Structures are given as structure tokens and as C-alpha cells.
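# Breakdown of the fold
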Amino acid sequence: MSESEPVAASAPILFALGGAAILSLNDMAIKFLSGGYPLHQVILIRSLIAITVILCFMGATGTGYRQLRTSRWRAHLLRVSIIMISNVAYFLGLAALPLADAVAIGYVSPIFVTLLSIVVLGEKVGPRRWSAVAAGMLGVLVMMRPGEGGLHLPALMVMLSALCYATGNIMTRRMKDTEAAVTLNFYVQVGFIVVSMTMGLGVGDGHMAGSGDPSLAFLLRAWIWPPLGDVPYFLATGLAVAVGGLMISQAYRTGEAGLIAPFEYVGMPMAIFWGVVVFGRWPDGVAWVGIALICGAGLYVFWRERRIREGQA
């Protein structure tokens, strides 16, 4: 093996680590902004900042804006729609859940990949992987806290987001031969801008607001002009989704999904960190049990997949 091969192999991992850490800023900022702004306003401002960063990055590269050319419009439209559903579902759940809880439930995505491999690809799943799936789903059940009320729907929305996130990353891998990371992310931001502007025109005056539910309030409240103190949070979410999104896309374009995904778990300690520093909230005992079950099950699934690919029992 040449000296360049280990460097090339480590690059996707470094992209995944950096991207996940940066994207944790996005989660923190949107959680902070969810108390006073509608989701579509936050997404519009975030996407305008992100697409500006992406266009500047394109202009600084050798191929420039020629990277926007694509013949795979249907694939882009499908991928953008899946990512749109994933983001909206996640952020609506995030508005009603503690940050660490929402992030932990979101990490059920590797379990969904296992289940989809059975349904879509017809793969056989052995008892050990089924045990991991069961443990992960038990962790989700623990974090939904049956009997306490109020957290069931937000947790289910985060689970839907995890399913769409896993599907979107699979599509990123399938499109890697023809689409650059900046191309993939540019069209995602275009989709967000179109949808959020349409939503703003329809309900941005707040005529459908008034619900006491935090998720519905985040979706339907009226637009407001951000005070100066909130501008850093908007900048943080826009820059994070641009830079972090590019890094995650590049990681999945250049590395195997089974190799890359475990390194995204760096977002879990980051979520706990932001939850303590910004919101003053540690996960409680129930949350720690759920986090351990979900993250442990997900990491085991990826470890098991690598063992199978390497021909080991």
C-alpha cells in the first residue's frame, strides 16, 4: 500500500467528523431560534446564507459554476424532496424535545438502513443484527417516555427524519459519479428557498398561529424582523449547513457508507455539550439509557457490516 492510500482512506472520515461537529451548530442554533421564529423563516434565511457560501466556493474553484450543470434532474428532485422532509420533520421534533434527546433519536438511521436492506434489497439479516435493531428500537421507546405524554409525536417526527436521512445518504452515494458535493448541496438549498418562500407567502402573516403545541407554533407563527442579538444564530445555522453539508456530502461521495456513518456519532457528545452550555440542560437518567441503547445499537450494526464485508463471522 502506498503512503497516499492511507491518506486517501482517512479523508472521508475526517470530512465526516468535521461535518458532523459543524452541523451540531446548526441543531443548536435552530433549537434556539425555534422559540421565536417560524420554521420557514429560519430555513429561508439559513438557505440564503448557505447558497451564498456555496456559490462563492464554486467561483473560487477551477471548474466554477459549470458544476451546476446536470442531466439528473429527476434524481436531484427526489433527493431534495427526501432531504426536505427529513429536515422539516427533524426541526419540528427538535422544537419540542431536548437537544440531546432529538439527536439521539435521529441516530436510529443505521437501524432503518438495516430494515430497508431487507425490504428493498432482499438481504438476509442474522440474529445478531436483529438483536441490534431491537436494542435500538427499545432505546427509541425509552426516549419517547410512554405515559408521560406530549413527546410521542415529536419523537416520531425525528424517527421519520432519520429514515429520510438514511435514504438521502444512499442517494448521495449513488449519484457520486456524476455530481459534485457542491452540486448536490446547491440544489438542496434551492429547494429549501422555493419551499420556504411558498410557505411564507401562505402562512407567514401568522393567521394560522395560536397553537400551544411547540412544533405547530414553530411551523405557523408569523414572521418577525430578527433583532441584532439573534443574527449570530442565523449566521451560525447558514454557515454550518453550507460547510458541514459540503463535508458530509463529500464524505459519502468518497467513502463507503458503512465506514463513514459511525463517525457522525461525534454529533452526540456535541449535542450534549450545546444542551448544557446554551440551554443549561443535562440529559436525565432516562435519556442516558436511551442514548446508550440507540448509539450502541447503531455502532454495532456498522461494526457488524464491516465484519461481513471483510468475510469474517
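### Here's the deal with the overall build of the chain
Along its length, the chain carries 13 helices and zero strands. Reading the chain from its N terminus to its C terminus gives the helix and strand order α-α-α-α-α-α-α-α-α-α-α-α-α. Scored against the burial criterion, the 313 residues of the chain give a buried share of 50%. A fraction of 83% describes how many contacts in the chain between residues 6 or more apart in sequence connect residues 24 or more apart. Per element, the accessible surface of the chain, about 14,500 Å² overall, is 70% carbon and sulfur.

### Focus on the confidence of the model for the chain
Predicted confidence across the chain gives a mean pLDDT of 82, with 85% of residues reaching 70 or more. For residues 1–7, every residue scores under 50 in pLDDT, and the model assigns this stretch one contact once sequence neighbours within four places are set aside.

### Digging into the packing of helix 2 (residues 39–60) against helix 10 (residues 231–254)
Axis angle and axis distance: for two packed helices, these are the angle between their axes and the distance between the axes, and together they describe the pair. Direction vectors running N to C along helix 2 and helix 10 enclose 50 degrees, while the axes themselves pass 8 Å from each other. The orientation of helix 2 with respect to helix 10, classified from their angle, is oblique. As helix 2 runs across helix 10, the sense of the crossing is right-handed. Contacts between helix 2 and helix 10 pair Val42, Ile45, Arg46, Ile49, Ala50, Val53 and Ile54 from the former with Phe234, Leu235, Thr237, Gly238, Leu239, Val241 and Ala242 from the latter. Its residues assigned to classes, the contact of helix 2 with helix 10 comprises eleven nonpolar, two polar and one charged.

### Let's talk about the nonpolar core
In this structure, Phe218 and Met268 are the most contacted members of the largest nonpolar core, which totals 64 residues. The biggest single contributor to this core is helix 3 (residues 73–96), with nine residues. In this structure, Met268 is in contact with Ala100, Val103, Ala104, Tyr107, Ile291 and Cys295, ignoring residues within four places of it in sequence.

### Brief notes about the packing of helix 4 (residues 99–106) against helix 7 (residues 152–174)
Look at helix 4 against helix 7: their axes get within 8 Å of each other, and the N-to-C directions meet at 45 degrees. Looking at the two axes, helix 4 sits oblique to helix 7. For helix 4 against helix 7, the interelement crossing comes out right-handed. Contact residues: helix 4 offers Ala102, Ile105 and Gly106, while helix 7 offers Ala155, Val158, Met159 and Ala162.

### Focus: the environment of Asn26
With respect to the helices and strands, the residue Asn26 is situated in helix 1 (residues 4–33). In this structure Asn26 comes out as buried when scored by relative accessible area, which is 4%. Asn26 sits 207 residues away from Tyr233 along the chain, and the two C-alpha atoms are 8.6 Å apart. Ignoring sequence-local partners within four residues, the contact set of Asn26 consists of Arg46, Phe91, Thr237 and Ala240.

### Some remarks on the environment of Met159
Following the sequence through the fold, Met159 ends up in helix 7. Distance in space between the C-alpha atoms of Met159 and Ala89 is 8.5 Å, their sequence separation being 70 residues. Sequence-distant contacts of Met159, that is, excluding residues within four places in its chain, are made with Ile105, Phe112, Met137 and Val140.

### Re helix 12 (residues 267–277)
Every buried residue of helix 12 is listed here: Gly267, Met268, Ala271, Ile272, Trp274 and Gly275. Buried positions in helix 12, seen along its axis, are confined to an arc of 165 degrees and lie on one side of it.

### A short note on the packing of aromatic side chains
If you walk through the whole model with that rule in mind, you get six aromatic pairs. Ring centres 5.6 Å apart and planes at 65 degrees place the aromatic pair Tyr90 and Phe91 in the edge-to-face group. On the accessibility criterion, Phe91 (2% relative accessible area) is buried. Note on Phe273 and Trp274: the rings are 5.1 Å apart at their centroids and 65 degrees apart in plane angle, and the pair reads as edge-to-face. Relative accessible area serves as the criterion here: at 42%, Phe273 is assigned to the partly exposed category. Put simply, the rings of Trp73, Phe186 and Tyr187 touch in pairs and so form one group of aromatic residues. Here the basic side chain of Arg46 rests over the ring of Phe192, its NZ or CZ set 5.1 Å away from the ring centre.

Thresholds, definitions, all that
- Residues numbered from 1 in each chain as written.
- Predicted model: local features only at pLDDT ≥ 70, side-chain atom pairs only at ≥ 80, totals over all residues.
- Heavy atoms only, no water.
- Helix = DSSP H or I, 4+ residues; strand = E, 2+ residues; numbered from the N terminus.
- Buried < 20%, exposed > 50% of the residue type's maximum accessible area, 1.4 Å probe, protein only.
- Contact = heavy atoms within 4.5 Å.
- Areas by Shrake-Rupley, 256 points an atom, 1.4 Å probe, with all protein chains shown as cover.
- pLDDT = per-residue confidence, 0-100.
- Axes fitted to C-alpha atoms, helices over the stretch in contact; angles between N-to-C directions.
- Parallel < 35°, antiparallel > 145°, perpendicular 65-115°, else oblique.
- Left-handed = near helix turned anticlockwise from the far one by under 90°.
- Nonpolar A, V, L, I, M, F, W, Y, C, P; charged D, E, K, R; others polar.
- Core = buried A, V, L, I, M, F, W, Y, C linked by side-chain atoms within 4.5 Å.
- Arc of directions from axis to C-beta.
- Phe/Tyr/Trp six-rings, centres within 6.5 Å; stacked < 30°, edge-to-face > 60°.
- Lys NZ or Arg CZ within 6 Å of the ring centre and 35° of its normal.

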